[in-house]
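Each chain is listed here by its residues.
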Amino acid sequence: MFNSLNGDGEPLRDSDIIFAKLYSEALSKNQKDSFLKIWKDNREKLGNLYKRKIFIPSNSRINKNLLDKNPDFDPVLDQYMFYLRAKKAVSDGVELDTTTPGLRNFFSNNVNYPNNVLDFSKKIFDILEVWEKLSNYNTLSVLLKFNQNFKHFIPSYFLDKMYLIKNDNEANDNEANDNEINNFLNLFLRLFTLYEIDEKSYSSGLFKTFLLKRQVQFVNSNINLQEISNEFDKHIKGKWDIETVKKLIYSCTSDALVFLNDFLFAKEINYKFVISQPEIEHIMCRCGRNSQTVRDNANIKSESEFKNYLNMLGNKILLELEINRGVGNAWFKSKLTGTVSDENNRGYGDSIYPFARYLVDKYKSVENPQWTKELIEEYTVKACDRIAKFIFNI
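Residues numbered from 1 in each chain as written. Predicted model: local features only at pLDDT ≥ 70, side-chain atom pairs only at ≥ 80, totals over all residues. Heavy atoms only, no water.

**Q** Now, about unusual backbone geometry: what can you tell me, with residues and values included?
**A** In the Ramachandran plot, Asn 30 falls in the positive-phi region, its phi being about 55° despite a non-glycine side chain. In this structure, Asn 30 sits in the loop between helix 1 (14-28) and helix 2 (32-51). Given the relative accessible area of 75%, Asn 30 is considered exposed. Positive phi, close to 55°, is recorded for Asp 350, a residue that is not glycine. (Helix = DSSP H or I, 4+ residues; strand = E, 2+ residues; numbered from the N terminus. Buried < 20%, exposed > 50% of the residue type's maximum accessible area, 1.4 Å probe, protein only.)

**Q** How would you sum up the packing of helix 10 (residues 174-197) against helix 20 (residues 373-391)? Please name residues and give values.
**A** Two elements in contact, helix 10 and helix 20, have axes separated by 9 Å at closest approach and are oriented at 125°. Our classification of the angle between helix 10 and helix 20 gives oblique. For the pair helix 10 and helix 20, the crossing hand works out as left-handed. Packed against helix 10, whose contacting residues are Asn 186, Leu 189, Arg 190, Thr 193 and Leu 194, the element helix 20 presents Ile 387, Phe 390 and Ile 391 at the interface. (Axes fitted to C-alpha atoms, helices over the stretch in contact; angles between N-to-C directions. Parallel < 35°, antiparallel > 145°, perpendicular 65-115°, else oblique. Left-handed = near helix turned anticlockwise from the far one by under 90°. Contact = heavy atoms within 4.5 Å.)

**Q** Now, about the nonpolar core: what can you tell me, with residues and values included?
**A** Formed by 98 residues in total, the largest nonpolar core has its most connected members in Phe 107, Ile 124, Trp 131, Ile 154, Phe 158, Phe 188 and Ile 249. If we ignore the near neighbours within four places in the chain, the residues touching Trp 131 are Leu 49, Ile 54, Phe 55, Gln 79, Leu 140, Phe 150, Lys 151, Ile 154 and Pro 155. Judged by nonpolar contacts, the second largest core, of 25 residues, contains Phe 306, Leu 310, Phe 332 and Trp 371. (Core = buried A, V, L, I, M, F, W, Y, C linked by side-chain atoms within 4.5 Å.)

**Q** Explain the packing of aromatic side chains to me, using residue names and the numbers behind them.
**A** The tally for this structure, following the rule as stated, stands at 37 aromatic pairs. Plain terms: the ring middles of Tyr 358 and Tyr 379 are 6.2 Å apart, the flat faces sit at 75° to each other, and that makes the pair edge-to-face. Taken together, the positions of Tyr 358 in helix 19 (residues 354-363) and Tyr 379 in helix 20 put the pair 21 residues apart, joining distant regions of the chain. Relative accessible area serves as the criterion here: at 25%, Tyr 358 is assigned to the partly exposed category. (Phe/Tyr/Trp six-rings, centres within 6.5 Å; stacked < 30°, edge-to-face > 60°.)

Interpretation in functional terms is not warranted from these geometric data alone.
So, in structure tokens, the structure goes:
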């Protein structure tokens, strides 16, 4: 189970070494069968999470076949370490040290884990169950488009509240559980949107240090989600102002904002939002040899102005992969009249994504619809306002 990967050209990971020690301890306590059963389940769960891209290999060149056989548990152990450090800070009544130790050092020197190898192993299973549950939430699907550092913190909130994950609270109120999960994930989505648009370092007090302080609250049973939410509101409103944030959104070309904008727009119009391998569609496209005509129709005078409007948030929407590649450089009118199901005339019609459907409903009956720079500007400003209000919880 814990074979070295050196023979396949891959170095041992911290988790390989830690787990080998756990296995040795399980053998010494006649717990081998129970231990191997838990880790068989752990490997299967983590492998599925990698396949679903909830976890992403830190080394993009890693052999995927090796990852299937021996999935990288380093990120999961890292999350467990963050949880344990926060729990210790609460029990000791001290602030959490913002210097994060290495995995091997922490589990060798700070936690006497070999005495509880089965409990340790089950806690890893719980972390994987948390991510398996959260993977069903669109909020997480959008959050995954942003910086991945949020993963250090999220399991900590749920590990002592597994009834939220297993839906086995006394009232069995699944709707209440779903609301709490979504509300918690939204806190991270708001903060990491700010990280996406701002130029501040993640290690600054605005992000990492703030989250480490909140993590102590995540594991404190005497602090509820509303109190945590209040801390996020206070932090965001105290460190940023909404007009500056709107300007930052306006100038940001990150595709993560396209996912967020579609997600928020779906809520706005009470439309079910699903992420199913979409691509980013540029409504006004480059159009190759027809680019000059496209520019003229959009009231754009120069190539530089064209490039600017091309990448504005108001010109980008989510669209199914097959439609996006099918419409290619089609005119705006053609995109409105085509459908997903018509292989000979692909278009936005019957797309599952809210903005694509909205554009069809709004402009399809217009005699000669043109997608102009004025419309791009209008929808960009609306998107900035929509996202800023979400960030500031307005």
